[in-house]
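# Structural overview for review
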Amino acid sequence: MPMERYQFMSNVWKDGIFDNKVVFCTGGAGTICSTQVRAMVALGANACIIGRNTEKTENMAKDIATARPGAKVIGIGAIDVRKPELLQQAAERCAKELGSLDFCIAGAAGNFLAPLDQISPNAMKSVIDIDVLGSYNTVKATLPYLIESAARHKTDGKTQPPNGTGGRILFVSATLHYAGTPLQSHVSVAKAGVDAMAVSVAIEQGPKGVTSNIIAPGPIADTEGMARLSKSENRDRAYKSVPSGRFGTVKEIADATVYLFSDAGNYVNGETLVVDGGAWRTAGYG
Ligand code: HXC
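The structure presented is a predicted model; accordingly, all values stated were derived computationally and were not measured.

### Things to note about the overall build of the protein chain
- Summing up its helical and strand segments, the protein chain has nine helices and seven strands in all.
- Since a compact globule built from 286 residues should have a radius of gyration of about 19 Å, the 18 Å found for the protein chain is in line with a globular shape.
- On the principal axes, the C-alpha backbone points of the protein chain span a range of 50 × 45 × 40 Å.
- Looking at the protein chain residue by residue over its 286 residues, the buried ones come to 45%.
- By sequence separation, contacts in the protein chain at least 24 residues apart represent 73% of the contacts at least 6 residues apart.

Below, the structure written as structure tokens:
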């Protein structure tokens, strides 16, 4: 593996652990989700990323494909996750062109800063629709393929772990709703809904070998979300308020993703992995 390309490579990752696997990701051209997918691709997977902006999504797919010689990464743009039929078509294309669909990252989200009394009904609905309905549409479109993938890896024994990894869903949520966050009521409501859905899916689909988990990033440096949502003049105070004393990196979200999708995460189902340096626990005390 050409290590010079992978400054973000973790010393706990093992080359080839996702060989012959396929990851499908909404919001895949964004900073966090593209890094999650890049990690999976570097470790053997092929990928299909979904986005609203065609040029951005296609360019990101090309860029992610450089993570491993021979990697196949499809970028499908002009897809709004609020349109279930478009996601169905994308999942079908992913499985047809790449051979399977083993992992799903429901990462598409919408957000802005506004107090509740200045959020129009349509703005509130837009965020809930993108986050909650979009995640639902994503899971609905990919679930048949994920169930197939899980079935390929399921073993008969009652205590036997699966024979390889597949059939996994990861919802990208947030910590905003744990302690309450000003100017974020819309996304807090939406992410609470996403979390609830993830747990229900875990319980419903677990017997088929599918796992459904949540990753909840805290303040992650150099992301579109932080650039848009956090004012630079507040950053020094924000760093100090994080128990770990710093913002996180996208590589640290990729690390957690690799863990949950790898054999190491076989028995983790219906859980939230918060990756925030302890930030939400001190919210409001910084
Ligand atoms: C108030 C706003 C607004 C703003 C849009 N609206 N921006 N209201 N403040 N800044 C309102 C519009 O006026 C409109 O309402 C309604 O929202 C819908 O807007 P549209 O432009 O029609 O776009 P639509 O595609 O429906 O909505 C998308 C969006 C947008 C959510 C509003 O911001 C978006 O897609 N953002 C890009 C994705 C994004 O932000 N990603 C970052 C996620 S990071 P009216 O009433 O006028 O019709 C993240 C992690 C958080 O979520 C972690 C933080 C630490």
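### A word on the confidence of the model for the protein chain
- Overall, the predicted model of the protein chain reaches an average pLDDT of 93, with 93% of residues at or above 70.
- As scored by the predictor, the complex reaches a pTM of 0.94 and an ipTM of 0.93.

### Quick look at the packing of helix 4 (residues 121-153) against helix 6 (residues 185-205)
- Their axes nearest at 8 Å, the elements helix 4 and helix 6 cross at an angle of 15°. Judged on the interaxial angle alone, helix 6 and helix 4 are roughly parallel. Viewed along their axes, helix 4 and helix 6 form a crossing whose handedness is right-handed. Together, Ala123, Met124, Val127, Ile128, Asp131, Val132, Ser135, Tyr136 and Val139 of helix 4 and His186, Val187, Val189, Ala190, Lys191, Gly193, Val194, Met197 and Val201 of helix 6 make up the contact between the two elements.
- Across the contact of helix 4 with helix 6, the residue classes tally to 13 nonpolar, three polar and two charged.

Conventions adopted
Residues numbered from 1 in each chain as written. Predicted model: local features only at pLDDT ≥ 70, side-chain atom pairs only at ≥ 80, totals over all residues. Helix = DSSP H or I, 4+ residues; strand = E, 2+ residues; numbered from the N terminus. Rg over C-alpha atoms; globule rule 2.2 N^0.38 Å. Buried ≥ 20, exposed ≤ 12 C-beta atoms within 10 Å, placed from the backbone. Contact = placed C-beta atoms within 7 Å. pLDDT = per-residue confidence, 0-100. Axes fitted to C-alpha atoms, helices over the stretch in contact; angles between N-to-C directions. Parallel < 35°, antiparallel > 145°, perpendicular 65-115°, else oblique. Left-handed = near helix turned anticlockwise from the far one by under 90°. Nonpolar A, V, L, I, M, F, W, Y, C, P; charged D, E, K, R; others polar.

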